[in-house]
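Results of the structural survey
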Amino acid sequence: MAVDELQAIIQRCQVLEEADFKGEDFNLFLVAGQKCLEDGYAAQLLEVIQNEKNKVIIKNMGWNLISPLVRCIFTYKQEDGKREHCLKILDQLAQLCNPKELFLGLLEQIEQTSGEQVCQTVMLLLQPLQTVLLKLQNKKAYSVGLSLAMIMNQLTPLPVPYTKQQIQEDKLGLCQCCNAVVDFAKPFANEVVKNMEKSSEYNDMELKEEILKFCMKSLKYPLLTAQLEQLEGIEEHPFRHFATEIIDILWNVRELIPLVFLHRKGKSPHWEDQEFADIERKNSADSLACLSYLIFVQHFGIDCFPVVFSPSYLLQCNMTHIEVLLKRTEESMLSKGLDLFESCLLRMEDNSLLHQYLEFRDFMNVPQDLVKVMTLCPIEHLRKKSLNILQLFIDKFDAEGKYTLFRCLLKTSNHAGVEGYIIKNIKDQIHLSLTKACDNIWFTGHHLISLLDLVLLLPEGAETDLLQNSDRIMASLNLLRYLIIKDCESDNQTGVWTTLARIEQNFLKPLHVGLNMSKAHYEAEIKNKKENRREAHRSNTVCSLTVSGEKMPAMTTEMQLQVLHSALFTFDLIESVLARVEELIEVKIKAVMDENS
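Everything numeric here is computed off the predicted structure, so don't read it as measured data. (Residues numbered from 1 in each chain as written. Predicted model: local features only at pLDDT ≥ 70, side-chain atom pairs only at ≥ 80, totals over all residues. Heavy atoms only, no water.)

On to the overall build of the chain. Along the backbone of the chain there are 26 helices and 2 strands. Counting over 597 residues, the chain shows a buried share of 48%. Considering only intrachain contacts with a sequence separation of at least 6, the fraction spanning at least 24 residues in the chain is 75%. Counting every atom, the chain has about 30300 Å² of accessible surface; 50% of that belongs to carbon and sulfur. (Helix = DSSP H or I, 4+ residues; strand = E, 2+ residues; numbered from the N terminus. Buried < 20%, exposed > 50% of the residue type's maximum accessible area, 1.4 Å probe, protein only. Contact = heavy atoms within 4.5 Å. Areas by Shrake-Rupley, 256 points an atom, 1.4 Å probe, with all protein chains shown as cover.)

In structure tokens form, the structure reads like this:
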């Protein structure tokens, strides 16, 4: 019988001194204890452990029971009395065992767990692990750091619940587990706070650094991935609660303000391998970006901040974080980047952002990243939001800033739709310059002529793909039409009349040639399709189309004809606006000649 075997080993060890315990004794104790648990004698094992006479034995050998004990706890159902006995054994081991040995045993058990049991195992062992760590005197900071790192490494591969339903179901128990882990860390954070209060020159930075590392890891996972908006029907959002606790810890250990404004990263380990150094830098950047999102969008800990920072300074501080988030493709992270950017811009007055800010690398990179979201992101609501934010960003700059930004985006966007949008913005700024009393040198005169050289031209001359560039071409023609109507040749505020010959040479003439070539090509294609329609119907011929390596649905001859007619309609539209522009130019020039004659 398992209990008898255990009692025999206990009696033998009771007469031995602690130093006389041998490896064989440890093995026999483990085998007998494990058999007791497996055979359902947890109550008897508990009695043995609680017996004062066995204190020394349990202190030295008890930690060996952790692995079989955890297995048995998960075997029994929640309401089973044997499970309750096992939990009491775990509690007793935490109180009686050698802290160092039990600490290693608990960590080993956490390290070995995987899959669906990760959260269950972590939550089961957090309390005994905390009890053991609080007893440790030597290398306490190291042990706390090792524990938190091990726990977070085990949790990180688990998917973070994102939708309301996923959060409510919490299938793997991650929501509950994360909040249990932060409760586990609190006593050690409080210890740092107490030590800092005792002495203004708090020098024992090791424990503080470990707590800081845990907070940084928590910001990257799960908070960077988590949905943190208030959700109807969820009274206490688990990740919002977790975020609140992390922010509180950072504030209490006096690291919240430095992290937000000084971009302090703590003691980064020195990696000889550059790849590891890059990973460390990226992780830190992700964490700091999430922290800014929590504070400036979700307003966690915002009450702690002194209200002395200008909106432009807050934007400058956050541009690095916005850039980090906008380079991500995951919806949860991309949306956080857009929200953070929007939040910073909404704090500012229109036309208040000085053009000198564009000398900062981030201020040039972020709008280009925004353009990529607008044109490449597969999620429609994020594309639309990014367009609105680009307009918001443009509106905040002074005239020179807008001018510089327009030049940059025209040169870098490589997207006709975006270029058309920027050209429309240029037209709006010219309109303001012509209608306002104050003179705006950036959207009139020689500055504007320089900008028009980028706008009023075909990228590849007459060979330009007019269909692909139709948005840009239409916007350019509408701008030119506006300039001809609004700016008299005698005033020539915009300088358009001075540069008209160059515009005709670089834009209007090549456009005429390109239209004639394109229309002839598409009309020939339509004629060819119509002639072959009967054969195509008879043989059920279809055209296949491949986009980005994916085969699209087959196109019938009728569908191909629709596409070709649509292209011709676009060319006719461009041609009609072009004709109107040339007519206006001719009328204006004739009127001036009549005046002079």
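After that view of the structure, there is still more to cover.
Moving on to the packing of helix α5 (residues 66–75) against helix α7 (residues 99–112). At their nearest, the axes of α5 and α7 sit 9 Å apart, and the two run at 45° to each other. As the angle between them shows, α5 and α7 are arranged oblique. The way α5 lies across α7 gives a crossing that is right-handed. Contacts between α5 and α7 involve I66, S67 and V70 on the former and, on the latter, L102, G105, L106 and Q109. (Axes fitted to C-alpha atoms, helices over the stretch in contact; angles between N-to-C directions. Parallel < 35°, antiparallel > 145°, perpendicular 65-115°, else oblique. Left-handed = near helix turned anticlockwise from the far one by under 90°.)

We now examine helix α24 (residues 500–531). The terminal C-alpha atoms of α24, which comprises 32 residues, lie 44 Å apart, in line with the 46 Å expected from a rise of 1.5 Å per residue. Along α24, the sharpest change in direction is near 30° and occurs at N506; proline P510 comes one to four residues later. Those residues of α24 that sit buried are L500, I503, F507, L508, P510, L511, G514, L515, S518, K519, Y522 and I526. (Expected span 1.5 Å × (residues − 1). Bend = angle between axes of the 7 residues up to and from the residue.)

So, on to the side chain of D362. As for its placement among the helices and strands, D362 is situated in helix α18 (residues 361–376). Under the relative-accessibility criterion, D362 is labelled buried at 12%. In contact with D362, other than residues within four places in its own chain, are M319, T320, E323 and P367.

Moving on: the nonpolar core. L155, L294, F341, L477 and L511 are the most contacted members of the largest nonpolar core, which totals 190 residues. Looking at this core, the element that brings in the most residues is helix α11 (residues 174–198), giving 13 residues. Look past the residues within four positions of L511 in its chain and what remains in contact with it is L458, L466, I473, L477, I574 and L578. (Core = buried A, V, L, I, M, F, W, Y, C linked by side-chain atoms within 4.5 Å.)

Put simply, α11 and helix α12 (residues 205–223) touch, their axes get as near as 10 Å, and they point 155° apart. Viewed along their axes, α11 and α12 adopt a mutual orientation that is roughly antiparallel. For the pair α11 and α12, the sense of crossing is left-handed. Of α12, the residues touching α11 (which contributes L174, C178, V181, V182, A185, F188, A189, E191, V192 and M196) are L207, K208, I211, F214, Y221 and P222. By residue class, the composition of the contact of α11 with α12 is 14 nonpolar, no polar and 2 charged. (Nonpolar A, V, L, I, M, F, W, Y, C, P; charged D, E, K, R; others polar.)

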